[in-house]
Amino acid sequence: MTVRNLLVILGDQLDPASPLLKDGDPTRDLILMAEVREESTHVWSHKARIAVFLSAMRHFCQQRRDEGWQVEYHHIEDANGPATLADALRFAIAKHKPELVRVVEPGDYRVAKALRQVAPHLDFVPDIHFLCPVKDFRDYAKERKQLRMEYFYRDMRRKYSVLMTSDGKPEGGDWNYDSDNRGSFGKQGPKAVPAPRAFKPSKITRSVLDTVDRVFPQHPGTCRNFDWPVTPQQAAEVLDDFLDHRLEHFGTYQDAMWTGEPYLYHSRISVALNLKLIHPLTVVQAAEERYRKGLAPLAAVEGFIRQILGWREYVRGVYWTFMPQGYASRNALAASNPLPKFYWTGETDMQCLRQAIGQTLEYGYAHHIQRLMVTGLFALLFGVEPKQVHEWYLAVYVDAVEWVELPNTIGMSQFADGGIMASKPYAASGKYIQRMSNYCTGCKYDPAQSTGPNACPFTTLYWDFLLRHEPALQANQRMKMQVRNLDRLSPDQKANIIRQADILRASLS
Ligand SMILES: Cc1cc2nc3c(=O)[nH]c(=O)nc-3n(C[C@H](O)[C@H](O)[C@H](O)COP(=O)(O)OP(=O)(O)OC[C@H]3O[C@@H](n4cnc5c(N)ncnc54)[C@H](O)[C@@H]3O)c2cc1C
Ligand code: SF4
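All values derive from a computational prediction rather than experimental measurement.

(A) Looking closely at the site of ligand 2. Taken together, the residues surrounding ligand 2 are Met350, Gln351, Cys352, Gly430, Ile433, Tyr439, Cys440, Cys443, Tyr445, Pro447, Cys456 and Phe458. Those elements giving two or more residues to the shell around ligand 2 turn out to be α14 (351-363) and α18 (430-436). Residue classes in the shell around ligand 2 are distributed as 10 nonpolar, two polar and no charged.

(B) Structural view of the nonpolar core. Core analysis: the largest hydrophobic core is formed by 154 residues, its most contacted members being Met33, Leu353 and Phe458. Looking at this core element by element, the count peaks at 13 residues for helix α13 (residues 298-322). If you look at the next biggest cluster of nonpolar residues, it comprises 20 residues, including Leu85, Ala86, Ala92 and Val118.

(C) Quick look at the domain arrangement of the protein chain. The domain architecture assigned to the protein chain consists of domain 1 (5-125), domain 2 (134-196 + 246-322) and domain 3 (341-508). On a C-alpha basis, the centres of domain 2 and domain 3 stand 24 Å from each other. Between domain 2 and domain 3, the contact holds 29 residues from the first and 30 residues from the second. Regarding the contact of domain 2 and domain 3, the summed buried area is about 2700 Å², with carbon and sulfur atoms giving 65% of it.

(D) Structural view of the packing of aromatic side chains. Within the structure shown, the criterion is met by 30 aromatic pairs. Ring geometry for Trp392 versus Tyr393: centroids 4.9 Å apart, planes at 80°, classification edge-to-face. Neither residue differs from the other here; Trp392 and Tyr393 are each classed as buried. Residues Trp392 and Tyr397 carry aromatic rings whose centres are separated by 6.0 Å and whose planes lie at 85° to one another, so their mutual orientation is edge-to-face. Among the residues examined, Tyr397 registers a relative accessible area of 1% and is labelled buried. A network of ring pairs unites the aromatic residues Phe342, Tyr343, Phe378, Phe382, Trp392, Tyr393, Tyr397 and Phe458 as a single cluster. Here the basic side chain of Arg64 rests over the ring of Phe60, its NZ or CZ set 4.6 Å away from the ring centre.

Reading the values: the criteria
- Residues numbered from 1 in each chain as written.
- Chains lettered and ligands numbered in written order.
- Predicted model: local features only at pLDDT ≥ 70, side-chain atom pairs only at ≥ 80, totals over all residues.
- Heavy atoms only, no water.
- Near = heavy atom within 4 Å.
- Helix = DSSP H or I, 4+ residues; strand = E, 2+ residues; numbered from the N terminus.
- Nonpolar A, V, L, I, M, F, W, Y, C, P; charged D, E, K, R; others polar.
- Core = buried A, V, L, I, M, F, W, Y, C linked by side-chain atoms within 4.5 Å.
- Buried < 20%, exposed > 50% of the residue type's maximum accessible area, 1.4 Å probe, protein only.
- Domains from an automatic or database assignment.
- Contact = heavy atoms within 4.5 Å.
- Buried area = accessible area lost by both parts, 1.4 Å probe.
- Phe/Tyr/Trp six-rings, centres within 6.5 Å; stacked < 30°, edge-to-face > 60°.
- Lys NZ or Arg CZ within 6 Å of the ring centre and 35° of its normal.

Here it is in structure tokens:
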């Protein structure tokens, strides 16, 4: 076959309705797909994360071949296969001499740069899986002294007429029902949370799981619970199942955590969204429809839509507005400690971290508050170098891709960007975790104590964090109240906290 266009399909661009395919011609165009080791090893990827990408890619390839497309596909176990995406593209261009190479614009800067270096005239096709084009976000950012998600989100609601009344007001009178989204399960715990839709591995997935165990035996995590959606059909089922069974309580319990409950009322839709198995507007409109039909309360639906139409788009805009320009290496709080080893094993006597990291290694999943207010919070208070925190988050979650992970880690969780993403550091003591979960009841530490043998490390490190960064935090209007609480501590108490924090750091470093 003489190849007219070479259509490069990346592992996180698996939309069968992709503009590349819509404009393509199966008799004259060739699809190139490559499983390459670099994508699994540039950070020490969790086995389930590797598997989700490979399985979704192989299903996509199979479906396109069934439709009559020619697909040149490189398998990861092929010892003579390309090691990097750039190599795969270079070989394909030399072999087929296409008139044009086309690819949907990569989500990550690293990939875009590598492909451009091989084929400077590469035709980057806009990614239709985002609702705010990068250029629009950059223009939006230029017009503002300070970026804030809330105002961006309101504009997105107006732009897509989501949860709006006919006279242009927000549905229910308020833009945001966040204050209704902070419930905990009290002492009695969650009542019979409906299990999420899970998928028995297909023949293709089973072969991927075998491959991952063989090729990446030393990588963290396990594939033994692998049940993620890997096709657009499965993505649609995940959405329906969430809307039918868990959306109603999503809002109330969005921030709650509970021992042995990895998913609670969360949707598990991020993998499908990030691999482009489902379109964000499909998800948003389906949720809105549940509200319009009286099947789910406004606070729950608004809370869920805010995550996708608001946070997800905002985070992507921040990534492409501030990358490269050193965003990935920002370190506003000058944090330099190494990531404690237990992040890779879950072996710690801090019950909250044991739970959050344990389920991360077991399933490749933790929900937002576990990421932000347990693993992220500890790294922030401990003063871990942000780059190491970023590499951990990029490695261990099945939904991890850099455009979404990096601003969440560097910006929201570690405040290393100095306030681009978030208006203040998400700093809290162990008491926050006690309020939002039952973790502390099974822990040897006491969240109310900051010093002494039973002191909760979060609480010790929280006060130590405020003390270490007091001058900088004083200047932040939203931190003033928290910093003012330092006045309640005597000089002796402060000295004891600092001493205990130093011992803790030395013992965990
Ligand atoms: C340190 C840190 C790292 C993160 N890394 C990733 C990542 O690599 N990939 C990723 O998809 N999300 C990431 N998130 C955001 C969020 O934690 C996950 O999207 C969410 O936990 C996925 O589970 P879910 O689909 O059940 O989400 P739900 O709680 O059901 O939320 C619905 C959807 O909203 C979107 N969403 C929610 N919060 C965010 C957010 N802060 N940023 C972007 N989208 C959001 C996701 O698409 C999610 O699927 C990170 C958050 C933090 C604090
Ligand atoms: S006491 Fe502290 S370390 Fe233990 S679970 Fe609670 S917050 Fe975590």
